[in-house]
Amino acid sequence: EVQLVESGGGLVQPGGSLRLSCAASGFTFSSFWMTWVRQAPGKGLEWVANMKQDGSEYNYVDSVKGRFTISRDNAKNSLYLQMNSLRAEDTAVYYCVRENFFDYWGQGTLVTVSS
Amino acid sequence: QAVVTQEPSLTVSPGGTVTLTCGSSTGAVTSGHYPYWFQQKPGQAPRTLIYDTSNKHSWTPARFSGSLLGGKAALTLSGAQPEDEAEYYCFLSYSGPWVFGGGTKLTVL
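These numbers were taken from a predicted model, which means no experiment stands behind them.

Chemist: Explain the overall build of chain A here, please?
Modeler: From N to C terminus, chain A includes 0 helices and 11 strands. Counting helices and strands in the order they occur from the N terminus, chain A gives β-β-β-β-β-β-β-β-β-β-β. In terms of C-alpha radius of gyration, chain A reaches 13 Å, essentially the compact-globule figure of 13 Å for 115 residues. Considering only C-alpha atoms, chain A reaches an extent of 40 × 25 × 25 Å along its principal axes. With 115 residues in all, chain A has 48% of them scored as buried. Contacts in chain A between residues at least 24 apart in sequence constitute 52% of all its contacts with a sequence separation of at least 6. As presented, chain A carries roughly 5,200 Å² of accessible surface, and 45% of it is formed by carbon and sulfur atoms. In chain A, 10 side chains carry a positive charge and 11 a negative one; their mean positions are 4 Å apart.

Chemist: What is the right way to read the sheet that holds strand β8 (residues 78-83) of chain A from this model?
Modeler: To summarise the sheet geometry, strands pair through backbone hydrogen bonds and adopt either a parallel or an antiparallel arrangement. Residue and element names in this part refer to chain A. Across the sheet, 4 strands lie side by side as β1-β3-β8-β7; this open sheet has antiparallel pairing. Single-partner strands in this sheet number two, and they are β1 (3-7) and β7 (68-73). Each strand axis lies, on average, 15 degrees off the axis of its neighbour in the sheet, ignoring direction. Bridge count for strand β3 (residues 18-25) against β8 is 6 bridges, and the pairing is antiparallel. Bridging across to β8, Leu20 finds its partner in Leu81.

Chemist: What exactly am I supposed to notice about the environment of Leu86 of chain A here?
Modeler: Residue and element names in this part refer to chain A. Counting through the fold element by element, Leu86 comes out in the loop between β8 and β9 (92-98). Judged by relative accessible area, Leu86 falls into the buried class, the value being 2%. Separated by 25 residues in the primary sequence, Leu86 and Val111 have C-alpha atoms spaced 9.9 Å apart. Those residues in contact with Leu86 that sit more than four places away from it in its chain are Val12, Pro14, Gly15, Gly16, Ser17, Leu18, Arg67, Phe68 and Val113.

Chemist: I tried to follow the pattern of salt bridges on my own but got confused; where do I start?
Modeler: As a working rule, side chains carrying opposite charge can pair if their charged atoms are close by. Residue and element names in this part refer to chain A. Using the criterion set out here, one finds 8 salt bridges over all chains in the structure. Of the charged contacts, one joins Asp90 and Arg38 as a salt bridge, the two residues approaching to 2.9 Å between their closest N and O atoms. Linking Asp90 in the loop between β8 and β9 with Arg38 in strand β4 (residues 34-39), this pair joins segments that are 52 residues apart in sequence. A relative accessible area of 0% places Asp90 in the buried class.

Chemist: How should I be thinking about the interface of chain B and chain A in this particular structure?
Modeler: Interface size, as often reported, equals the accessible area lost upon joining of the parts. Listed by partner, the interface residues are 18 residues for chain B and 21 residues for chain A. By the criterion of area lost to chain A, the three top residues of chain B are Gln1, Trp98 and Phe100 of chain B, representing 32% of everything that side buries. For the interface between chain B and chain A, the tally reads 0 salt bridges. Summed over the shared surface of chain B and chain A, the result is 5 residue pairs in polar contact (both at pLDDT 80 or more). The set of elements that each furnish at least two residues to the side of chain B that touches chain A consists of β4 (36-40), β5 (47-51), β9 (86-93) and β10 (98-100) of chain B. If you tally residues by element for the side of chain B that touches chain A, the top one is β4 of chain B, at 3 residues. Partitioned by chemical class, the residues of the side of chain B that touches chain A number 11 nonpolar, 6 polar and 1 charged.

Chemist: What am I meant to see in the environment of Asp84 of chain B here?
Modeler: All names here are of chain B. Structurally, Asp84 can be placed in the loop between β8 (72-78) and β9. Each C-alpha atom, one on Asp84 and one on Val3, is 26 Å from the other, the two residues being 81 residues apart in sequence. A polar side-chain atom of Asp84 sits 2.8 Å from a polar atom in the side chain of Arg63.

Chemist: I would appreciate a short explanation of the state of the cysteines in the present structure.
Modeler: In a disulfide, the sulfur atoms of two cysteines are covalently bonded to one another. Residue and element names in this part refer to chain A. All told, the structure shown has 2 disulfides over all chains when counted by the stated rule. Across a sulfur-sulfur distance of 2.1 Å, Cys22 and Cys96 are joined as a disulfide pair. Disulfide Cys22-Cys96: torsion about the S-S bond near -70 degrees, hence left-handed. Of this pair, Cys22 sits in strand β3 while Cys96 sits in strand β9, placing them 74 residues apart in sequence.

About the criteria used
- Residues numbered from 1 in each chain as written.
- Chains lettered and ligands numbered in written order.
- Predicted model: local features only at pLDDT ≥ 70, side-chain atom pairs only at ≥ 80, totals over all residues.
- Heavy atoms only, no water.
- Helix = DSSP H or I, 4+ residues; strand = E, 2+ residues; numbered from the N terminus.
- Rg over C-alpha atoms; globule rule 2.2 N^0.38 Å.
- Buried < 20%, exposed > 50% of the residue type's maximum accessible area, 1.4 Å probe, protein only.
- Contact = heavy atoms within 4.5 Å.
- Areas by Shrake-Rupley, 256 points an atom, 1.4 Å probe, with all protein chains shown as cover.
- Lys, Arg positive; Asp, Glu negative; His and termini not counted.
- Charge placed at Lys NZ, Arg CZ, Asp CG, Glu CD.
- Pairing = 2+ DSSP bridges.
- Axes fitted to C-alpha atoms, helices over the stretch in contact; angles between N-to-C directions.
- Salt bridge = Lys/Arg side-chain N within 4 Å of Asp/Glu carboxyl O.
- Buried area = accessible area lost by both parts, 1.4 Å probe.
- Polar contact = N/O pair within 3.5 Å; in protein donor to acceptor, adjacent residues only side chain to side chain.
- Nonpolar A, V, L, I, M, F, W, Y, C, P; charged D, E, K, R; others polar.
- Disulfide = S-S within 2.5 Å.

Structure (structure tokens):
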């Protein structure tokens, strides 16, 4: 059974940092692009970043460029999102998604940026 | 980055048919945008209904279909059921980054 389990969310002050993790199981993690999607409370979905199977290609939404870094460790079947210089507008549930027609989503981890 | 537009809300009668559309600020939506449609119900993660314009996942009810219509991507629901009341999001590829539409809140009433 495919599972994606996000962790690392929490409350952080503006300007702070957090590192999100996504533990994948039930499939060959190294064979798939992976994506982070976020959803602010009561708002719509926003694509954040994605990364190719071997980490050699990646993309970001303009609003996080220079502040967020996506990475992966195929040996650990894990996807990461390092978030620096956090702003109030980064407050959201962050979902890890398998980019195989975006077929599997985690349940999300909540990041709250507030003083 | 591009802006993807959807109707903010639509209402359909039970058993009725409704079409949701998805436009792009960069011009016509084509198959090269690999249009997706996601359904999200309150408190749940989204799930994919349609990918690459018109393809369905194994879990996609047959009453949902995807197409290109007048320069936009379209999701048609034929024979609406009460359980189809949800938020629907369009999602387009821009040769690297992806962009979601703002979502359409579909009411079955």
